[in-house]
Amino acid sequence: MALDEEPGTPEAWWRTAVMYQVYPRSFADGNGDGEGDLPGLRAKLPYLADLGVDGLWISPWFPSPMADGGYDVSDFRGIHPMFGTLDDADAVLREARDLGLRVIIDLVPNHTSDQHPWFLEALAAAPGSAERARYFFRDGRGDSGEEPPNNWISAFGGPAWSRITEPDGSPGQWYLHLFAPEQPDLDWSNEAVLDDFDDVLRFWFDRGVDGLRIDAAPAMSKKAGLPDADYGGVLQFRTVDWDDNPHWDVDTVHDIFRRWRAIADTYDGDRAFVAEAVVSTPERLAAYLRPDEMHTAFNFPYLKGPWEAGPLRDVIDATLSSFAPIGVPSTWVLTSHDETRPVTRYGRTTTSSYFISDGAGEVSDLALGTRRARAAAMLMLALPGGAYVYQGEELGLPNVDDLPDEVLQDPMFLRSGGEMRGRDGCRVPLPWSGQEPPFGFSPEGVTPWLPQPESWRDLTVEAQEGDATSMLTLYRDVLRLRRETPGLYAAGLAWRESAPDVLDFDRDDALRCVVNLSTEPVDVPADRVLLSSIPLEDGQLPPDATAWLRP
Ligand code: GLC
């Protein structure tokens, strides 16, 4: 049966798909070197098909010096030798397709690695050369060019400019990097850059990827003349708070996506773009989703929201009302490779998330966090549109906040002088089986690139399989129910009257969902319950729990 003919799946798969995010370095190690890879991923594809997701989003798998976990790409048409070969990538695409799984990959177009041949050529070439014009090389301010060309700051802290030494040994020009210095920004007003990426898109579409997630999309255009930014005293990269920013969400960025959409539309099989676009308002986000631009976008306001009924309801309403008029499906997501894992986040007093996790946060009540994460998963999967599940979320893994300093690799940690712990704590390799590390991630005796806690012995796939109370069983059950509920994909959402701190909505005649965020049990018609995140007590839904019901 063709993918589009799966029961209940409407024509364009990306409108309702549940996509599972694979961070390849931490998913499964096929060759026993302590790092995840594509042979490891291939071997686990049946696990993902069994889980019941519709597809995979694979974080960058390209050659990279790994200065930012692979988001520093040195060849956009290759595969990192640590992960395997292009043949392995083809096998992943083919075998995923055979299992009915879509695959989108992560394109990182705002910047290259500082080891990309273009950047090395630019360093070797003269100021004003065509090689330098692919990036932002500028003379510094001050008498001898010793000051950065403007006041822009990097997402990872510190100035967004680094000064080079010219080939003759003299102090030279500066180059722009909105992220780490190892990630020089490309100049997307340069035709040579545009032309080359047209070819990169075709390269991957020709190999059969179903779509591309566009990393840091709003960063790609800069205001002409690179004027100083008015940060109003903020020292962190809080894009969402800034309007009229000279290096974020500049209107010319949309020309790039129109050009790309025209390319995607020449391919059959519903190829889709997913925007990673954190911008200031829903209207600004909607501009990325015009019919000739990208197909869907990550829902950061939903991801960041606290575990509280009012804000949750508000963000659901705001999402639906900004997306519905433009005919674009909503997406829902609780976490990613950049955030604190939900089990940890929901076990704290502050349950909202930041752009980048700060693992040094308050100690978490993991039992409470797990209970809420179960409820949150069932809420997310009851909402109209698509959803994203980050690897390990289905196992209820907590963040690993006590990784020793010497194993941390995130540039956030390194560039903040250790003040920010960074994102390594959500990237610890998955536990598959066995009683002790490496828990089947790597062969016995091999130490994974980040150490796994001993306590994960109860959270392995093996330990959770067949346990009716496990997070894995809950995910499998809810994903199956989602697929098998007639009419769910097409249904709208209507709120019912409810007690304070309770969310209660119908998806037309297909499903009713009740989420209890209060501290008291609430009445639900027990005979109509199809699935609940924890068992009902005396016919009532306990606090921090979700139930799916027949309406
Ligand atoms: C995105 C990625 C993040 C990366 C950054 C720079 O936000 O999700 O991991 O560090 O872009 O490429």
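Here is what the cut-offs are and how they apply
Residues numbered from 1 in each chain as written. Predicted model: local features only at pLDDT ≥ 70, side-chain atom pairs only at ≥ 80, totals over all residues. Heavy atoms only, no water. Near = heavy atom within 4 Å. Polar contact = N/O pair within 3.5 Å; in protein donor to acceptor, adjacent residues only side chain to side chain. Buried < 20%, exposed > 50% of the residue type's maximum accessible area, 1.4 Å probe, protein only. Helix = DSSP H or I, 4+ residues; strand = E, 2+ residues; numbered from the N terminus. Pairing = 2+ DSSP bridges. Core = buried A, V, L, I, M, F, W, Y, C linked by side-chain atoms within 4.5 Å. Contact = heavy atoms within 4.5 Å. Phe/Tyr/Trp six-rings, centres within 6.5 Å; stacked < 30°, edge-to-face > 60°. Lys NZ or Arg CZ within 6 Å of the ring centre and 35° of its normal. Expected span 1.5 Å × (residues − 1). Arc of directions from axis to C-beta. Axes fitted to C-alpha atoms, helices over the stretch in contact; angles between N-to-C directions. Parallel < 35°, antiparallel > 145°, perpendicular 65-115°, else oblique. Nonpolar A, V, L, I, M, F, W, Y, C, P; charged D, E, K, R; others polar. 1 Å grid on protein atoms, 1.4 Å probe; cavity = no way out; pocket = protein on both sides within 12 Å on 5 of 7 lines; lining within 4 Å. Points joined across faces, edges and corners; volume = space filled by probe spheres on them.

A. View of the site of the ligand. In the vicinity of the ligand there are 14 residues, among which Asp 68, Asp 215, Glu 276, His 337 and Asp 338 approach most closely. Between Asp 215 and the ligand, the recorded distance is 2.9 Å, taken from a side-chain N or O atom to an oxygen atom. Within the side chain of Arg 423, one N or O atom sits 3.0 Å away from an oxygen atom of the ligand.

B. Region of the structure containing the pairing of strand S18 (residues 545–549). The element S18 is extensively covered by neighbouring structure, given that 5 of its 5 residues are classed as buried. Going residue by residue along S18, you find Ala 545, Ala 547 and Leu 549 tucked away on one face and Thr 546 and Trp 548 tucked away on the opposite face as well. Strand direction decides the pairing type here: strand S14 (residues 511–516) and S18, joined by 5 bridges, are antiparallel. Note on S18: the bridge partner recorded for Asn 516 is Ala 545. In this sheet, S18 lies alongside strand S16 (residues 529–532) in antiparallel orientation, the contact comprising 3 bridges. When the bridges of S18 are listed, Ser 532 appears paired with Ala 547.

C. Expanded view of the sheet that holds strand S4 (residues 137–138). Across the sheet, 3 strands lie side by side as S4-S6-S5; this open sheet has antiparallel pairing. Only two strands of the sheet have a single partner each, and these edge strands are S4 and strand S5 (161–165).

D. A look at the nonpolar core. Membership of the largest hydrophobic core comes to 164 residues, with the highest contact counts inside it found for Leu 48 and Trp 260. The residues contacting Leu 48, other than those within four sequence positions of it, are Tyr 20, Val 22, Phe 27, Leu 41, Val 53, Leu 56 and Leu 101. Formed by 9 residues, the second largest nonpolar core is a distinct cluster that contains Val 502, Ile 534, Ala 545 and Leu 549.

E. Main features of the packing of aromatic side chains. A full pass over the atoms with the stated rule returns 28 aromatic pairs. Positioned above the aromatic ring of Trp 432 is the side chain of Lys 44, whose terminal nitrogen or guanidinium carbon lies 4.2 Å from the ring centre. It is Arg 132 that lies over the ring of Phe 137; its NZ or CZ is 4.9 Å from the centre.

F. Molecular detail of helix H4 (residues 191–207). Under the 1.5 Å per step criterion, the end-to-end length of H4 is 25 Å for 17 residues, consistent within 8% with the ideal 24 Å. Of the positions making up H4, those classed as buried are Val 193, Leu 194, Phe 197, Asp 198, Val 200, Leu 201, Trp 204 and Phe 205. End-on, the buried residues of H4 take up no more than an arc of 165 degrees, which puts them together on one face. For H4, the secondary structure elements touched by its buried residues are helix H2 (86–98), strand S3 (102–107), helix H3 (117–124), strand S7 (211–214), helix H5 (253–264) and strand S8 (272–275). A side-chain oxygen of the first residue of H4 lies 2.8 Å from the backbone nitrogen of Ala 192; this N-cap is Asn 190. Immediately downstream of H4, the backbone of Gly 208 shows phi near 110 degrees, a positive value.

G. Expanded view of the packing of helix H10 (residues 366–380) against helix H13 (residues 471–484). Between H10 and H13, the shortest axis-to-axis distance is 10 Å and the interhelical angle comes to 10 degrees. Between H10 and H13, the angle is such that the two are roughly parallel. Here Thr 370, Ala 373, Arg 374, Ala 377 and Met 378 of H10 lie close against H13, whose contacting residues are Met 471, Leu 474, Tyr 475 and Val 478. The residue makeup of the contact of H10 with H13, split by class, is 7 nonpolar, 1 polar and 1 charged.

H. Seen up close, the pairing of strand S11 (residues 386–390). Counted residue by residue, S11 has 5 buried out of 5 residues, so it is predominantly covered. Taking every second residue as pointing to the same face, both faces of S11 are buried, with Gly 386, Tyr 388 and Tyr 390 on one and Ala 387 and Val 389 on the other. Two strands pair when backbone bridges link them, and strand S1 (residues 18–22) and S11 are joined in this way by 4 bridges, in the parallel orientation. Considered in S11, the bridge of Tyr 20 is made with Val 389.

I. Summary view of empty space enclosed by the protein. Using the criterion set out here, one finds 8 cavities of 30 Å³ or more in the structure. In terms of lining, the largest cavity is formed by Trp 13, Trp 14, Ala 17, Met 19, Ile 104, Ala 272, Val 274, Thr 296, Thr 331, Gly 386, Ala 387 and Tyr 388. When residues of the lining of the largest cavity are assigned to their parent elements, the largest contribution, 3 residues, is made by S11. Taken together, the residues of the lining of the largest cavity break down into 9 nonpolar, 3 polar and no charged.

J. Representation of the environment of Arg 134. When you line up the elements, Arg 134 lands in the loop between H3 and S4. Look at Arg 134 and you get buried, because its relative accessible area is 16%. Considered as a pair, Arg 134 and Ser 189 are 55 residues apart in the sequence and their alpha carbons are 8.7 Å apart. Residues in contact with Arg 134, not counting those within four places in the same chain, are Trp 118, Glu 121, Asp 185, Leu 186, Asp 187, Asn 190 and Val 193. Among the polar contacts made by the side chain of Arg 134, one reaches the side chain of Glu 121 at a distance of 3.4 Å.

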